[in-house]
Amino acid sequence: MSDSPIHKEYSNGEVTITWEPHKCIHSKNCITGLASVFDFEKRPWVNAEGASTEEIVKQIDKCPSGALSYYFAEQKEKSTGDVMMEQLVEVVPNGPLMVYGNLKVKLPNGYIKNQSKVSAFCRCGSSQNKPFCDGSHKKINFKG
C-alpha cells in the first residue's frame, strides 16, 4: 500500500485540473464560484468540460489551499500561478494560517515538500494532515 497522498487529474484537452484532497480546507470557493465544473454531488466531482479553459484557470487561482491547481497541455507540469518571491502570512479568523509564496515545508516524516502559491497551515490542532489544514477547525468550532 502506498503512503503517497491522492492526486487526481481531469482534462479538457487544453488544461488539466489537478486535485489533491489532502490539501483541501473545504472553503467551497470552487463549487460556489464555478458550479458547472465543480459539483460535490456528482462523480467525478470535476467536469473539465463544464466551462472555458480561461474560466477554469481563473477559478482555480482562487483556491485558498492549493488543493486545486492546473497545467496546460503544452507545459506538462503544474502551474503555480503568480508565485511570489517573498512570503506573505495571513491569519484567517477562526481558520488556518495562510502562507503565500515559495516555501520548503518539513513534514513529520522528515520529507521536505516544496510548496508554492499558497499553503494553509493548521492553527486549531485538530488537522489529520499536519502541518496542513484539513478543515477540522470548522468541525470543532475553532475560535482564534
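Each remark here, short or long, concerns the structure printed above.
Residues numbered from 1 in each chain as written. Predicted model: local features only at pLDDT ≥ 70, side-chain atom pairs only at ≥ 80, totals over all residues. Heavy atoms only, no water.

Participant: Residues and numbers for the overall build of the protein chain, please.
Facilitator: A count of helices and strands for the protein chain gives three helices and eight strands. Put simply, the protein chain runs from its N terminus to its C terminus through helices and strands in the order β-β-α-α-β-β-β-β-β-β-α. In the protein chain, buried positions account for 42% of the 144 residues. In the protein chain, 46% of the contacts between residues at least 6 apart in sequence involve partners at least 24 apart. Put simply, the protein chain shows about 8,700 Å² of open surface, and 52% of that area lies on carbon and sulfur atoms. (Helix = DSSP H or I, 4+ residues; strand = E, 2+ residues; numbered from the N terminus. Buried < 20%, exposed > 50% of the residue type's maximum accessible area, 1.4 Å probe, protein only. Contact = heavy atoms within 4.5 Å. Areas by Shrake-Rupley, 256 points an atom, 1.4 Å probe, with all protein chains shown as cover.)

Participant: Tell me about the nonpolar core, and please be specific about residues and values.
Facilitator: One finds I17, V37, F38, W45, I56 and L68 to be the most contacted residues of the largest nonpolar core, which totals 20 residues. Put simply, the parts of the chain that give this core at least two residues each are β2 (15-19), α2 (53-60) and β3 (68-72). Of all hydrophobic cores here, the second largest spans six residues; its members include V99, L103, L107 and F132. (Core = buried A, V, L, I, M, F, W, Y, C linked by side-chain atoms within 4.5 Å.)

Participant: An account of the sheet that holds strand β1 (residues 8-11) is requested, with residue identities and associated values reported.
Facilitator: The strand order β1-β2-β3 describes an open sheet built from three strands, whose pairing is antiparallel. Either end of the sheet is taken by a strand with one partner, and the two such strands are β1 and β3. Averaged over all adjacent pairs, the angle separating strand axes in this sheet is 25 degrees, with direction ignored. The pairing of β1 with β2 spans four bridges and is antiparallel. Along β2, the bridge assignment pairs Y10 with I17. (Pairing = 2+ DSSP bridges. Axes fitted to C-alpha atoms, helices over the stretch in contact; angles between N-to-C directions.)

Participant: Outline the sheet that holds strand β5 (residues 97-100), listing residues and values.
Facilitator: Read from one edge of the open sheet, three strands run β4-β5-β8, paired in antiparallel fashion. One side of each edge strand has no neighbouring strand; the edge strands of this open sheet are β4 (88-91) and β8 (118-121). The sheet shows a mean angle of 20 degrees between the axes of neighbouring strands, taken without regard to direction. Taken together, the four bridges between β5 and β8 define a ladder with antiparallel strand orientation. Residue pairing across strands places Y100 opposite V118, the latter belonging to β8.

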